[in-house]
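Geometric and topological summary
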Amino acid sequence: MKLDQIDLKILDAVQRDGRITKLALADKVGLSPTPCWMRLRKLEKAGIVAGYHAKVAMRAVAPVAIVLMEVTLASHRQADFDRFERVIRDVPEIVACWSVGGGVDYLLKVMARDIDAYQRLVDALLEREIGIDRYFTYIVTKTVKEEVALPVADLLPAPS
């Protein structure tokens, strides 16, 4: 789907405020409400707007340990990657998992009650024998930046 500047403004606005009203969105992007809302629905149907969520400040709810974990698998067949990913998707404490290049296979973001809970999670993963050869743990001591709104317009190719 080819996006124009108005589509990009719509994406920017709904990322920053998922509860924005039809009228406020239309005003923000410079369209009348009906065409603006039709564009938003088109973006949703195309899967470009994948959902609306609230950002929860977990540390305001309860103490939490945020851990980044590098994982290298023992074997690199497609079936090994599939097995690992299938298990990881079902672990609620693993809030993000990226397959990466450059010497490790995966980078995971884990949120646990504390470091002991994190270690119990790792022990359980190792016991499941899902192919983990090595893992490295990095405890997050301070969040410097964590954006929710993505820089959509900045990532698109420049117009020719």
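Details of the structure are given in the entry above.
Once a new chain begins, its residue numbering starts again from 1 and follows that chain's sequence as written. Residue-level local features of this predicted model are given only where pLDDT is at least 70; pairs of side-chain atoms are given and counted only at 80 or more, and the full residue set underlies all totals for whole chains, interfaces and linings. By convention in this description, side-chain values take in all heavy atoms of the structure and omit both hydrogens and water.

**A few points about a nonpolar patch on the surface**
Under the convention used in this document: Residues form patches when they are more than 30% accessible in relative terms and have no salt bridge. Like charges link within 9 Å. Nonpolar side chains (Val, Leu, Ile, Met, Phe, Trp, Tyr) link within 5 Å. Note on areas: Shrake-Rupley with a 1.4 Å probe; residue coverage comes only from the protein chains shown. Should a side-chain nitrogen of Lys or Arg be within 4 Å of a carboxyl oxygen of Asp or Glu, the pair is scored as a salt bridge. In this description a helix means any DSSP run of H or I spanning at least four residues, a strand means any run of E spanning at least two, and both kinds are numbered starting from the N terminus.
Taken together, the side chains of V56, M58 and V61 present a nonpolar region at the surface, about 270 Å² in accessible area. Mapping V61 onto the fold places it in helix 4 (residues 58-61).

**Observations concerning the side chain of T72**
Selection rule: The contact criterion used is simple: two residues touch if any of their non-hydrogen atoms lie within 4.5 Å.
In this fold, T72 is placed in strand 1 (residues 65-73). Not counting chain neighbours up to four residues away, the residues in contact with T72 comprise G103, V104, D105, G131, I132, D133 and R134.

**Thoughts on the nonpolar core**
How we decide: Put simply, buried Ala, Val, Leu, Ile, Met, Phe, Trp, Tyr and Cys residues joined by side-chain atoms within 4.5 Å make one nonpolar core. When accessible area is computed with a 1.4 Å probe and restricted to protein chains, residues below 20% of their type maximum are described as buried, those above 50% as exposed, and intermediate ones as partly exposed.
With 21 residues, the main nonpolar core has V71, F84, I94, L108 and L125 as its most contacted residues. Put simply, the parts of the chain that give this core at least two residues each are strand 1, helix 5 (78-89), strand 3 (106-112) and helix 6 (115-127). Sorting elements by how many residues they give to this core places helix 6 first, with 5 residues. Here I94 is in contact with I88, L108, K109, V110, L121 and L125, once residues within four sequence places are set aside.

**What about the sheet that holds strand 2 (residues 94-99)?**
Convention followed: A strand pair is defined by DSSP finding two or more bridges across the two strands. Inter-axis angles, ranging from 0 to 180 degrees, are taken between N-to-C directions of lines fitted to C-alpha atoms, where helices are fitted over the stretch in contact.
Strands sit in the order 2-3-1-4 across an open sheet of 4 strands; the sheet is antiparallel. Because the sheet does not close on itself, it has two edges, and the strands there are strand 2 and strand 4 (132-139). On average, adjacent strands in this sheet sit at an angle of 20 degrees to one another, irrespective of strand direction. Relative to strand 3, strand 1 runs antiparallel, the two sharing 7 bridges. In the sheet register, L68 faces strand 3, and the bridge partner there is K109. Packed onto the sheet, helix 5 meets strand 1, strand 2, strand 3 and strand 4 and runs at close to 15 degrees relative to strand 3. Where helix 6 meets the sheet, its contacts fall on strand 1, strand 2, strand 3 and strand 4, and the angle it forms with strand 4 comes to roughly 170 degrees.

**Section: the pairing of strand 2**
Looking along a regular strand, one sees the side chains alternate between the two faces of the sheet. One ladder, built from 5 bridges, connects strand 2 with strand 3; its direction is antiparallel. Of the residues in strand 3, the one forming a bridge with I94 is V110. Hairpin remark: strand 2 followed by strand 3, antiparallel, with 6 residues in the connecting loop; positive phi at G102, about 105 degrees.

**Here we look at unusual backbone geometry**
A positive phi is found at E129, a non-glycine position, where the angle reads about 50 degrees. Counting through the fold element by element, E129 comes out in the loop between helix 6 and strand 4.

**Some details on helix 5**
At 3.6 residues per turn, the α-helix brings residues three or four places apart onto the same side. In plain terms, the rule: Under the convention used throughout, the expected extent of a helix is 1.5 Å for every residue step, that is, one less than its residue count. As used here, the arc belongs to the directions running from the helix axis to the C-beta atoms.
For helix 5, spanning 12 residues, the distance from its first C-alpha to its last is 16 Å, which sits close to the expected 16 Å at 1.5 Å a residue. Burial in helix 5 covers these residues: D80, F81, F84, V87 and I88. One side of helix 5 holds all its buried residues, which, seen down the axis, span an arc of 135 degrees. Those residues of helix 5 that are exposed and aimed more than 90 degrees away from the buried face are Q78, A79 and R89.

**A look at the packing of aromatic side chains**
Note the threshold: Two aromatic rings from Phe, Tyr or Trp, using only the six-membered ring of Trp, form a pair when their centres are within 6.5 Å; if the ring planes differ by under 30 degrees the pair is stacked, by over 60 it is edge-to-face, and anything between is tilted.
Per the stated rule, a full pass over the model turns up 2 aromatic pairs. An aromatic cluster of three or more residues is present, and its members are F81, F84 and Y106.

**Regarding the pattern of salt bridges**
Taken as a whole and assessed by the stated rule, the structure comprises 8 salt bridges. As a salt-bridge pair, R83 and D80 come within 3.7 Å of each other at their nearest N and O atoms. Here R83 and its partner D80 are both found in helix 5, 3 residues apart, which amounts to about one turn of the helix. For D80, a relative accessible area of 5% corresponds to the buried category.

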